[in-house]
Amino acid sequence: MKVTLLSDDTTKSRATAAERPKHPAELTPGTEEVVSGVWKITLPIPFPLRTVNIYALVGRDGWALVDAAMGTPEARAVLAEGLERAGLELRDLRALVLSHHHPDHIGLSAELQEQSGATVYMHPIDAAIMQAMWHGEHQRSFAQANQFFRPHGMPPLEPTVSSQLPPEVLNFVIRVPTAEAITCVEDGAEITLAGEHYRVIWTPGHSDGHIVLFRERDGLLLAADHVLPRITPNIGLYSEYNRANPLGDYIQSLEKVRHLPASLVLPGHGEPFRNLARRVRELIRHHAQRELEILSLLGRRPQHAYQLAEQVFGPRLKNDEARRMAVAEILSHLEHLRLGGYVRQERTDDGLILYAAV
Ligand SMILES: [Zn+2]
Ligand SMILES: [Zn+2]
């Protein structure tokens, strides 16, 4: 059975044309029922992406939520409005699935779990990273990442905004359940959410423990940040504790979902879309082109990752966060190329790591 999209008319934003941002549907917070019993709640986030989607799956005996956004005052207001619109009460929340450990997907997870007693599902890899990041070690993991990037030519970074916030402010925006409160789910697990069966598919790449959910009955794919409609998910190597080849993982994970009989894809950012195979093809092509670009730059002379990032991303490296993501992204390509035998590393006397074409 194919999924039917509900009419747009029920979901129009109340913003006037003048208030609407450039990509109105994607950037406007709000709530809509995308498929009978499945609500997309689009919440504001304080990042360039502007919004994140979380999905409420509603059954006869309670409901489940996929992802937990961030607890900024603006997001809390939109969420409260969204739950009311969908007729949902927190006390009936039975399960919370966290697709991956990034802050815009987990911020309200502890609070929602405590208020409802919901079971929290997550892949064990990202569950462990989430504990390490958000239970007191945020400063340390930031310092580690900073050190990891130095030999790759990165200029010294300022501490991230979140690592400078006082704990009570940070805890209001991002607070995660303890390890004991999380039920780990592995690749291929079947879970029941709001009375329906979903298959957990482990899709490492965007994060090492990223998962998507597939509902075989009608081909609904909750894709989180694995396959996004308009932008390319960030695929980066951020530390030596990462899996070694995130881009290799990502391409394999794209292949893993490419032939799913998906009737509708519900992404973590942007609007739901239908043609999964085509979008997967585009993403694979994007990374192949980026690799050719990097190889041609290395054809001129050996270079470190930051030099390459400057040439590939240019003016987009406008702040530390953009620089960090860009270098991590370049490194994921370089390591993918290196493990494929196309480039090799060279160390300079002053401790820099250069990549050279083979
Ligand atoms: Zn993410
Ligand atoms: Zn995201």
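Calculation notes
Residues numbered from 1 in each chain as written. Chains lettered and ligands numbered in written order. Predicted model: local features only at pLDDT ≥ 70, side-chain atom pairs only at ≥ 80, totals over all residues. Axes fitted to C-alpha atoms, helices over the stretch in contact; angles between N-to-C directions. Helix = DSSP H or I, 4+ residues; strand = E, 2+ residues; numbered from the N terminus. Parallel < 35°, antiparallel > 145°, perpendicular 65-115°, else oblique. Left-handed = near helix turned anticlockwise from the far one by under 90°. Contact = placed C-beta atoms within 7 Å. Nonpolar A, V, L, I, M, F, W, Y, C, P; charged D, E, K, R; others polar. Buried ≥ 20, exposed ≤ 12 C-beta atoms within 10 Å, placed from the backbone. Arc of directions from axis to C-beta. Pairing = 2+ DSSP bridges.

1. Digging into the packing of helix H9 (residues 246–258) against helix H10 (residues 276–300)
Move 1: Where H9 contacts H10, the axes come no closer than 9 Å and their chain directions differ by 160°. Relative to H10, the element H9 is oriented roughly antiparallel. Read as a crossing pair, H9 and H10 show a hand that is left-handed. Residue-level contacts link Leu247, Ile251, Leu254, Val257 and Arg258 of H9 to Leu276, Ala277, Val280, Leu283, Ile284 and His287 of H10.
Move 2: When the residues that make up the contact of H9 with H10 are grouped by side-chain class, the tally is 9 nonpolar, 1 polar and 1 charged.

2. Quick word on helix H4 (residues 109–116)
Move 1: Listed as buried for H4 are Ser109, Ala110, Leu112 and Gln113. Down the axis of H4, the buried side of the element spans an arc of 170°, and every buried residue falls inside it.
Move 2: The inward-facing, buried residues of H4 abut strand E4 (62–66), strand E5 (93–97), helix H3 (103–106) and strand E6 (119–122).
Move 3: Directly beyond the C-terminal end of H4, a positive phi value near 75° is found at Gly117.

3. Some thoughts on the sheet that holds strand E10 (residues 211–215)
Move 1: Taken together, the 5 strands give an open sheet; going across it, the order is E8-E9-E10-E11-E12, and neighbouring strands pair in mixed fashion. Both edges of this open sheet fall to strand E8 (190–193) and strand E12 (264–267), since each of them pairs with a single strand only. Going from strand to strand, the sheet's axes swing by 30° on average, the running direction of each strand aside.
Move 2: Note that strand E9 (residues 196–202) and E10 share 4 bridges and pair antiparallel. Bridge pairing links Ile201 to Val212 in E10.

4. Topic: the sheet that holds strand E1 (residues 30–35)
Move 1: Sheet architecture is open: 7 strands sit in the order E1-E2-E3-E4-E5-E6-E7, paired in mixed fashion. Where the open sheet ends on each side, the last strands, each with one partner, are E1 and strand E7 (182–184). Put simply, the sheet's adjacent strands are angled 25° from each other on average, direction ignored.
Move 2: Here strand E3 (residues 51–59) pairs with E4 via 5 bridges, running antiparallel. Considered in E4, the bridge of Val58 is made with Trp63.
Move 3: Docked against the sheet, helix H2 (residues 73–86) engages E1, strand E2 (38–44) and E3, running at close to 160° with respect to E2.
Move 4: On top of the sheet, H4 reaches E4, E5 and E6; it is set at about 160° to E5, its chief contact.

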